[in-house]
Every structure is written in structure tokens, then in C-alpha cells.
Amino acid sequence: MKLDDIKKTYKKKIDELNKHNKFYFDRNAPKISDKEYDDLKKEIINLENKNSFLKSPNSPSNSLGYKPSKNFIKSKHRVKMLSLSNAFDENDLVNFEKKIFNFLNEKIKIEYSVEPKIDGISASLTYKDGLLILGTSRGDGSEGEVITENLKTIKDIPKKIIDKDFPDEIDIRGEVFIKKSDFNNLKNDFANPRNAASGSLRQKNPNETKKIPLNFIAYTYGYLKSSKIKKQSDFLKSLKKWGFKTNDQNTVLSSVKELRIFHKQIENDRYKLEYDVDGLVYKVNDFRLQNRLGFTSNSPRWAIAHKFSADNAYSQITDIDIQVGRTGALTPVARIKPVNIGGVVVSNATLHNEDEIIRKDIRVGDTVKIERAGDVIPHVILVDVKKRDRKSKKFIFPNICPSCGSDTIKEFNKTTKKFDAVRRCTNEGFDCEKIAIEKIKHFISKEAMNIDGLGKKVIENFWDLNLIRLPQDIYNLDYDKISNLDGWGDLSVSNLKYSIDQSKKVSLDKFLYAIGIRHIGIENAKLLAEYTKSVQNFINFVNKGKLNEFLNIDGIGETQINSLKKFFNNKLNYSVIKKLSSILNISDLKIYKDGKLLNYTFMFTGKLSDMSRAEAKSLIEKNSGSVVSSVNKKLSYLITGEKPTTRKVAQAKDLGIKILTQKEWLKLLD
Ligand code: IVH
């Protein structure tokens, strides 16, 4: 490859990695499997190794994870939260031990603490004098997000520890996770248990975290002032004594052979465990040896993760169907000859989008390798081209919607300057059958109208029976007909009636979210509701063609405006909104203001560290305070960063206004 080509390829891969980081860490919605993600990272590191001139600040060789999302205050870990290097087979294990011998310059019998590697989210808990004072996520390894209140909702996490042996100051670290059985109820909202746990932990409101049952298992420490404990296995015992949960499968073994046998046993039985495990962690048990061994740039020399193989199998594609989603996205799905993958019979695999089919040249009749990792939808890893029939033809992606026959398009994304990978039906309305069904499913969903008795399956059933065509039909159901249907009795019908009636009272933001306009998610719906105040007002904006005015709202941009315009250009959409607004009792948005900073005003001067002014402002507003731009008597606090304006500080002093450093201010917020 030419130099320029190498650089181009490298940049492309880094961009791709960043994109997937965002899907994974910010949105909790990975688009590729862990294996594909690891492969991508490996390709980048290989390129760097071969071409020393390549380096990007975003290279996976620099960072351990991904920068924490901006919604939380960040805190530097006193001791970094490192990752582990991976072993995939016995050879890797032998090498791991060899390196230890080389480093120590002696060959000794090494004892290992062996612990299941739960696939969750790691967290660090700081205790001072027995009290839990800080809880953080791993973040990028150096600094994490402060999620103390969210972590406090987890019952496995002790808030106060009274034990004479408990260190005065210690960071306890472990894994936050969700049990497989609990995940079952959340399947529609998250791709896998790990994402559910992460999503739950990152809720801004701890009460939301509380709703998703999280667990915590402790396994190590970060900062520790002083301790007499000599071994990891003893530390695990102490953790238990102090009231933490530790893993029942933890054990101590002392040869590569023993490790291999135990690994095989747990790998075979892992489906019996209550939680997802993706390997075992082996740690040199003796703390003195651990100290001597120390760390490489991002992982300890004294520990390794021995991964389980991802579940996969070969099968043949019998057909490719195109599914149409709520926003018109066409998703190709491969129907495959049923195959057992890790104990589950798989007969469908997602092909993600049109680009993916082109990139992998996936065709009907192809023999493909399918992976099913965790609870992610099974997908095609590769095509075995050698097995392909000579007469096989490229798959032609439909350029009309298979549901309504409208044209389909790939949109041009102005920011990335690329066409979307996804092809969409141009009909954003209820006259595309598949879109309509998905829209109604969205309408009744929890965050929207929250109609309990109406699940997705019921909607499909009612659609087939011609009971529902538009959202308003829900409020005019033929209950006599329903009570005669299979599976319905008087009680379930009256429950259904009740929950439908209950849903009639809805706040404006939920309503705007429920109608399912593309790009108007919960947050944007709130912004629109705050701005327009009432549904009548909102409709007036539409009627008078004043949607552009929403550009005044911080957070609403052209993408949203264009989407709103497109939505309301469709007459049927408009009539649905009108009809619903006459049936429902839509209340103005109630903004609850009960934050710590209620009735306090703030002003900043000087440069803040670790956060922008915009973030600082939003932090204050989230806590019900407000930010002003001049020093006057009404100002409660002046917050000073680096190099504050002397005049402002003097003015504040004159008026007797309290002056805080950034640190003092953050303390105020906890
Ligand atoms: S020890 C330097 N022990 O694996 C020591 N980690 O790649 C690092 N994990 O971020 C942590 N179970 O989320 C350790 N028993 C265990 C673990 C474990 C799961 C996760 C943890 C960490 C990642 C390391």
C-alpha cells in the first residue's frame, strides 16, 4: 500500500471506531458485535505497529474505554481503573506466565485467584470512615462520571460499614450488572444486559435507576491508605465480611493446566449462571508479587482475562426479508436454516442495512457464519464464498418500500458528508402499513402514552383484525368484539379499558413524543412542550407555518425542524394530531423544580477546569438554579475559575455576595 493509502485507511478505521464508541457508550445501542468491535481495534493497532508514523489521539492504544458522557460531573480516579489484557487459548496463558517468570527473573509456583469476568459495568466506590462518599463509573480509566446517587440505589452496595478491620479510606471496585432473568423484562429497550445496566446507571434521575434491578459484585480495590491483607483471595474474604457480595465461583488454582480445566468447565456451564460472563480473570494471588510485577501502560502484568469463545455457527440463507421500522428504515433480515448456537435455535439474523449487504456481498443461498453474543440479535459475521453457487446473484435491495410501494431513499447527512447506510421509505405516514403498525406500537409504549394492557403483540393482533388503523382508534375500540376473542376475558377487557382511559390524561411532552415524529425523542419533545406550553399553541405553530421559530430553542436544530415540517406536510398526520387533541386531556408540561439550587442565582468569571461554561450552566439549571450575566444585589454566588475578572470579584465583594471557587461550588452540588 502507498503511504497515502495507509493513512487514509487508518483514518477511516479510527472514524469507524469513534462512531461505534458513540453507539456503544453514549447511546447504549451497539451496531456491531463485541467481536467485530475487537477486530476493528486490532486492525488499528496492527496498522500502527507496522507503520510507526501512524498515531491518532483517538487510537485504542491510547485510551482504555471511552470518555464519559457529558451529563455527569467527572472525577479523577486516585488510582487509575485499568483494563486487562486478554488470553484466548492455552498458548496465550503459557506466554502470560512466561512473561511473569521473565520479569521476576525466577521460575516459581504461582497461585492464582480465579474469578468469573461478569460482563457488566465497572464502578468504584470511595469509603471514608466507613461511609460511602463517592461512586464513579470507569469512564476512560483516568476519570469517571460521578454517579454516587445512582449507585446508592443498588441494594448490594453498603452505604455504611462498621467493622474494625475496614480501612479508614478505600476505593472498592467491582461490577454493576443485571441478572439475565431481570433483563428478560427489558428486552425491548436494550440490546443486552450490559447495555441495560449501563443505561440504568447513567440515568440522570436516580429514581429511574432504581426501577432497573441492578446488582453489584466487588472484586478489587483502587486507592487504599494502608492494609495488612496479603493475598487477593483474603481480600475477597474480607470484602464478604464487610458486607459486599463476592462471586460464589471464585477459587484459587495454581497451574496453567488447572486454569484450563476450570475455564472449560465454566464455559460449558455458563448458561446456568444468573448473569452474563464473558471469561475468567486470573490474578496472581500474592500482593507482594503483584507489587513487584506492576503495570504496563494500560494493564497489570499480574492479571489476565481468559475469554470464552463467542457463540457462532454456520448456516445457509434461505431468503432475505426487508422489515420496515417506525421511521421508515428498511432493515434486511436473513432467514436462515435453523441452527443451534450456544443452546439457542436461531432462524433469523439481522443484516443491519443496505450498505452492510453490499460490503459483505451477502446473497440468498450463501453459507454464512452467524454469531450470537449475549442477547444481541444474531448477525452475519462472514460469507463463505467458496461454498457459493456459481449461479448465485447479487442481492438487489428494493428501491420501493415493500410495505406501501413508495420510493425509498438514502439520505445525505450534512455533518458526516456521507449518505446514510440506511435506506428509508419516503412515506413518513400512517398510509404505509408497516410504518403505521410501528407508530402505534410506539404510541402505546411506556415512555409515550404508557398503555399497560396494550402490548406490541396485541397491537399486531388488533391490526390484523382491523380493530386499529390509527392511534385514535385505541380510544374507540369495540370491546364487545374483543371480549369474544381468544385469550380475552371480562377481567382483561376491563383492565384494558381502564388503562386506556387512564392514558387519556397525558402531559404535552409525552404526547408530542408519542406521536412519533422522527428526531423528536423524549428530550426534544420536552423542549417543544416547554416552549409551546399547550397543545393548541403547538398546533397553531404548525397552522401558521411558524415551525422555524423553534430554532430559538436551545437543542432544536434544522434536522428536527425539517422532520417536523415533513411530518406535518402529510395531511393524515395532521388530522391524527387534531383528532387526538380532541379526545385526550393534554396537560401543560409541569416542570418540577425542587433541585438543591432552587431560588439561587450564579455567575461565572474566569476559566473553569474540566468543563465548559455551557456544561456548568446546564448543571446549575438541572439543579433548579439559574445563571445570570451581571453582578448585582440579586446574585447569590459568584463562581471564580482561573484568572477571574478582578472588577467582577471586587463588585461582588462590595455587595457582600458570596464568592466560591469552582471546587467549593461543586461541593455545594455534592
Ligand atoms: S480486575 C487491573 N476482576 O473486566 C484490574 N475485573 O478488562 C482490573 N471485570 O474493567 C479489574 N470481573 O469491568 C477484575 N473479577 C474481576 C472482574 C473484572 C469483571 C471487568 C472490569 C474491568 C474489566 C477489565
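What you are looking at is a predicted structure, and each value in this text was computed from that prediction instead of being measured. (Residues numbered from 1 in each chain as written. Predicted model: local features only at pLDDT ≥ 70, side-chain atom pairs only at ≥ 80, totals over all residues. Heavy atoms only, no water.)

Re the sheet that holds strand β24 (residues 658-661)
Condition: Strand pairing requires that DSSP identify at least two bridges connecting the strands. Secondary structure elements are taken from DSSP: a helix is a run of H or I of four residues or more, a strand is a run of E of two residues or more, and numbering for both begins at the N terminus. The contact criterion used is simple: two residues touch if any of their non-hydrogen atoms lie within 4.5 Å. Axis definition: a line fit to C-alpha positions, over the contact stretch in the case of helices; interaxial angles, taken between N-to-C directions, run 0 to 180 degrees.
Strand order in the open sheet formed by four strands is β22-β21-β23-β24, with parallel pairing between adjacent strands. This sheet does not close on itself; its edge strands, each paired only once, are β22 (626-627) and β24. On the sheet, helix α22 (residues 646-655) packs against β21 (601-605), β23 (637-640) and β24 and is oriented at approximately 150° with respect to β23.

Digging into the sheet that holds strand β7 (residues 169-177)
Read across the open sheet, the four strands follow the order β5-β4-β7-β8; overall the sheet is antiparallel. Looking at the sheet topology across the chains shown, the edges are occupied by β5 (131-137) and β8 (215-224). Strand after strand, the sheet turns through a mean of 30° between neighbouring axes, direction not considered. In this structure, strand β4 (residues 121-128) lies alongside β5, joined through six bridges in antiparallel fashion. Among the inter-strand pairings, K128 is bridged to a residue of β5, identified as L131.

Here we look at the site of the ligand
Note the threshold: The criterion for a residue being near a molecule or strand is simple. One of its heavy atoms has to lie within 4 Å of it. Identification of polar contacts relies on pairs of N or O atoms within 3.5 Å, with a donor-acceptor requirement for protein atoms, meaning one able to donate a hydrogen and the other able to accept it, and with residues adjacent in sequence counted only if both atoms are side-chain atoms. All accessibility values rest on the Shrake-Rupley procedure with a 1.4 Å probe; residue burial counts only the protein chains present in the view.
Among the 14 residues in the neighbourhood of the ligand, the closest are listed as L84, E115, E175, Y219 and K283. Between a nitrogen atom of the ligand and a side-chain N or O atom of E115, the distance comes to 2.8 Å. Contact distances for the ligand include 3.4 Å between an oxygen atom and a side-chain N or O atom of Y219. Across the complex, the protein chains shield 88% of the 520 Å² of accessible surface that the ligand would expose by itself. Residue assignment for the shell around the ligand shows that the elements contributing at least two residues are β3 (112-118) and β10 (277-284). If one sorts the elements of the shell around the ligand by residue count, β3 sits on top with four residues.

With respect to the pairing of β24
Test applied: For the handedness criterion, the strands are oriented away from the viewer, and a crossover whose path from the first strand over the helix to the second runs clockwise is classed as right-handed.
Judged from the four bridges that link them, β23 and β24 form a sheet pairing that is parallel. In the strand pairing of β24, L638 is matched with I659. You can see the chain leave β23, run along α22 and come back into β24, and the turn it takes is right-handed.

Topic: the pattern of salt bridges
Short version of the rule: By salt bridge we mean one thing: a side-chain nitrogen of Lys or Arg within 4 Å of a carboxyl oxygen of Asp or Glu.
In the structure shown here, the tally under the stated rule is 36 salt bridges. Note that K231 is salt-bridged to E111, the shortest N-O span being 4.0 Å. Linking K231 in the loop between β8 and α8 (232-241) with E111 in the loop between α3 (90-104) and β3, this pair joins segments that are 120 residues apart in sequence. Ionic contacts of the salt-bridge type, sharing partners, join the residues D361, R363, D366, R388 and K394 into one network.

Focus: a positive patch on the surface
Quick reminder of the rule: Patch building starts from residues that exceed 30% relative accessible area and form no salt bridge, then joins like charges within 9 Å and nonpolar side chains (Val, Leu, Ile, Met, Phe, Trp, Tyr) within 5 Å. Only four residue types enter the tally: Lys and Arg on the positive side, Asp and Glu on the negative side, with His and both chain ends excluded. Just so you know, the charge point we use is NZ for Lys, CZ for Arg, CG for Asp and CD for Glu. Three labels apply to residues, based on accessible area from a 1.4 Å probe with only protein chains included: buried if under 20% of the type maximum, exposed if over 50%, partly exposed otherwise in between.
The grouping of K12, K19, K31 and K418 at the surface amounts to a positive patch. Position of K418 among the secondary structure elements: in strand β18 (residues 418-425). Looking at K418, the relative accessible area reads 54%, which means it is exposed.

Side note on the packing of aromatic side chains
Here is the rule: Any two of the Phe, Tyr and Trp rings considered here, Trp counted by its six-membered ring, make a pair once their centres fall within 6.5 Å; the pair's planes then place it as stacked at under 30 degrees, edge-to-face at over 60, or tilted in between.
Applying the stated criterion across every chain yields a total of 21 aromatic pairs. Where F177 meets Y275, the ring centres are 5.3 Å apart and the plane angle is 70°; that geometry is what we call edge-to-face. Of this pair, F177 sits in strand β7 while Y275 is found in the loop between α9 (256-269) and β10, placing the two residues 98 residues apart along the sequence. Judged by relative accessible area, which is 5%, F177 ranks as buried. For Y275, a relative accessible area of 8% puts it in the buried group.

Brief notes about the packing of helix α19 (residues 558-569) against helix α20 (residues 571-583)
Helix packing for two helices is described by the angle between their axes and how far apart those axes are. Stated precisely, the cut-off is as follows: Convention used here: angles under 35 degrees read as roughly parallel, angles over 145 as roughly antiparallel, angles from 65 to 115 as roughly perpendicular, and any remaining angle as oblique. The classification used treats Ala, Val, Leu, Ile, Met, Phe, Trp, Tyr, Cys and Pro as nonpolar, Asp, Glu, Lys and Arg as charged, and all other residues, Gly among them, as polar.
Two elements in contact, α19 and α20, have axes separated by 5 Å at closest approach and are oriented at 90°. On the basis of their axis angle, the class for α19 and α20 is roughly perpendicular. Where α19 abuts α20, its residues F567, F568 and N569 lie against K571, N573, Y574 and I577. Within the contact of α19 with α20, the residues separate by chemical class into four nonpolar, two polar and one charged.

Observations concerning the confidence of the model for the chain
Put simply, the rule reads: Per-residue confidence from the predictor is reported as pLDDT, a score between 0 and 100.
Averaged over the chain, the pLDDT score is 88; the fraction of residues at 70 or greater is 94%. Here helix α21 (residues 613-622) stands out as the least confident element of the chain, with mean pLDDT 75; α8 is the most confident, with 98. Note on residues 63-68: pLDDT is under 50 here. Beyond four places in sequence and across chains, it has 23 contacts.

Looking at unusual backbone geometry
At N105, a residue that is not glycine, the phi angle is positive and equals roughly 60°. Within the element layout of this structure, N105 appears in the loop between α3 and β3. Residue classification places N105 among the exposed residues on the basis of a relative accessible area of 69%. In this model, H352 sits at a positive phi of 65°, which is unusual for a non-glycine residue.

What to know about the pairing of β21
Of all five residues in β21, five are buried; the element is thus mostly enclosed. Of the two faces of β21, the one holding T601, M603 and T605 and the one holding F602 and F604 are both buried throughout. The sheet contact formed by β21 and β23 spans four bridges and is parallel. Pairing of F602 across the sheet is with Y637, part of β23.

Re the packing of helix α17 (residues 522-532) against helix α18 (residues 535-543)
At a minimum axis separation of 8 Å, α17 and α18 run at an interaxial angle of 95°. Classified by the angle their axes make, α17 and α18 are roughly perpendicular. Of the residues in α18, those touching α17 at L528, Y531 and T532 are N537, F538 and F541. Its residues assigned to classes, the contact of α17 with α18 comprises four nonpolar, two polar and no charged.

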